[in-house]
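Architecture at a glance
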Amino acid sequence: MSAQRGSQMLLKIKDGAGYATVAGLRTKTLRLNARPVDVTDTASQGWKELLPGAGIRTAEISGTGVFRDAGSDALIRTAFFEQAAQDCQFVIPDFGTITGAFLVTGLSYAGSYNGEAQFELSLSSAGVPDFAPL
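Fair warning: this is a prediction, and the values are worked out from it, not measured in the lab. Residue positions are given per chain, counting from 1 as you read along its sequence in written order. Note on the predicted model: pLDDT of at least 70 is required for a residue's local features to be given, and 80 or more for side-chain atom pairs to be given and counted; whole-chain, interface and lining totals, by contrast, use all residues. Hydrogens and water molecules were not included; the side-chain quantities draw on all heavy atoms of the structure.

Let's talk about the overall build of the protein chain
Secondary structure elements follow DSSP: runs of H or I of four or more residues count as helices, runs of E of two or more count as strands, with numbering from the N terminus. Looking only at helices and strands, the protein chain has one helix and eight strands in total. Along the protein chain, helices (α) and strands (β) appear in the sequence β-β-β-β-α-β-β-β-β when read from the amino end. Considered along the principal axes of its C-alpha atoms, the protein chain spans approximately 60 × 35 × 30 Å. When a residue's accessible area, from a 1.4 Å probe over protein chains only, is under 20% of the maximum for its type it is buried; when over 50% it is exposed; and in between it is partly exposed. Expressed as a percentage of its 134 residues, the buried residues of the protein chain come to 29%. Note on contacts: a residue pair qualifies if any of its non-hydrogen atoms lie within 4.5 Å across the two residues. Intrachain contacts of the protein chain at a sequence separation of at least 6 include 62% that bridge at least 24 residues. On the protein chain, the mean spot of the 11 positive side-chain charges and the mean spot of the 13 negative ones are 6 Å from each other. Charged-residue counts in this description rest on Lys and Arg as positive and Asp and Glu as negative, His and the chain ends being excluded. We put the charge of a Lys on NZ, of an Arg on CZ, of an Asp on CG and of a Glu on CD.

Remarks on the environment of Leu123
Within the secondary structure layout, Leu123 lies in strand β7 (residues 118-125). When the C-alpha atoms of Leu123 and Gln89 are compared, they prove to be 11 Å apart, with 34 residues separating the residues in sequence. Beyond its immediate sequence surroundings of up to four residues, Leu123 is in contact with Leu11, Ala59, Glu60, Ile61, Cys88, Phe102, Leu103, Val104 and Thr105.

Overview of the side chain of Lys28
Locating Lys28 in the fold gives a position in strand β3 (residues 25-34). Salt bridges are counted wherever a side-chain nitrogen of Lys or Arg sits within 4 Å of a carboxyl oxygen of Asp or Glu. One buried charged residue, Lys28, remains without a salt bridge, the closest side chain of opposite sign being Asp69 at 14 Å. Pairs of N or O atoms are called polar contacts if they sit within 3.5 Å, as long as, within protein, a hydrogen donor faces a hydrogen acceptor (for residues adjacent in sequence, only side-chain-to-side-chain pairs). Looking at Lys28, its side chain comes within polar contact range of the main-chain oxygen of Met9, at 3.0 Å.

What to know about the pairing of strand β1 (residues 10-14)
With four bridges connecting them, β1 and strand β5 (residues 86-92) associate as antiparallel partners. Across the sheet, the residue bridging to Leu10 is Val91, located in β5. Bridge count between β1 and strand β2 (residues 19-21): three bridges; the pairing is antiparallel. Within the sheet, the bridge partner assigned to Lys12 lies in β2 and is Thr21. We treat two strands as partners when DSSP finds at least two bridges between them. With antiparallel pairing between neighbouring strands as the criterion, β1 and β2 make up a hairpin whose turn holds four residues, including Gly16 at a positive phi of roughly 105°.

Regarding unusual backbone geometry
Even without a glycine there, the phi angle at Gln45 is positive, about 55°. If you trace the backbone, Gln45 turns up in the loop between β3 and β4 (57-66). Residue Gln45 is classed as exposed on the basis of its relative accessible area, which comes to 71%. Its identity is not glycine, yet Gln83 carries a phi of approximately 50°, on the positive side. Mapping Gln83 onto the fold places it in the loop between α1 (70-82) and β5.

Topic: the layout of surface pockets
Detection works on a 1 Å grid of protein atoms alone, calling trapped sets that fit a 1.4 Å probe cavities and calling open sets with protein on both sides within 12 Å along at least five of seven lines pockets, with lining residues defined by an atom within 4 Å of a point. Grid points are joined across faces, edges and corners, and a volume is the space filled by probe spheres set on the points. Estimates place the volume of the largest pocket at around 280 Å³. In terms of lining residues, the largest pocket is bounded by Leu32, Asn33, Arg57, Thr58, Ala59, Ile98, Ser125, Gly127, Val128, Pro129, Asp130 and Phe131. Counting only elements with at least two residues in the lining of the largest pocket, the list comes to β3, β4 and β8 (130-133). A per-element tally of the lining of the largest pocket places β4 first, with three residues. For the lining of the largest pocket, a count of residues per class yields six nonpolar, four polar and two charged. Nonpolar residues are Ala, Val, Leu, Ile, Met, Phe, Trp, Tyr, Cys and Pro. Charged residues are Asp, Glu, Lys and Arg, and all others, Gly as well, are polar.

Here you go:
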């Protein structure tokens, strides 16, 4: 993967007809986690042993931004208050697309008296995501 512009990374949420890009995001992060299961015992000769294929895997998406589009803002806000999993896509150019059901686990709004209103969101996978390489 060669150097890419961060602005080309996109978070999209299903809006009925297709996927709408969540507008105004200045930073976007995709975090893939695999929590290992430790099976170390006295026969491990002092070395930690992990059970392959066990444990919980998650995909987490987070971002911060400014309000640019009432439609995508409403989709995120509604998804948070309904606490229903939403079909989302996270696009990383020259890498691939992660698609799956995600739950909005955090949503915050902030703004200073002499600045723009900002939002921060976090989403967590609510099932097995699909990875499609580019």
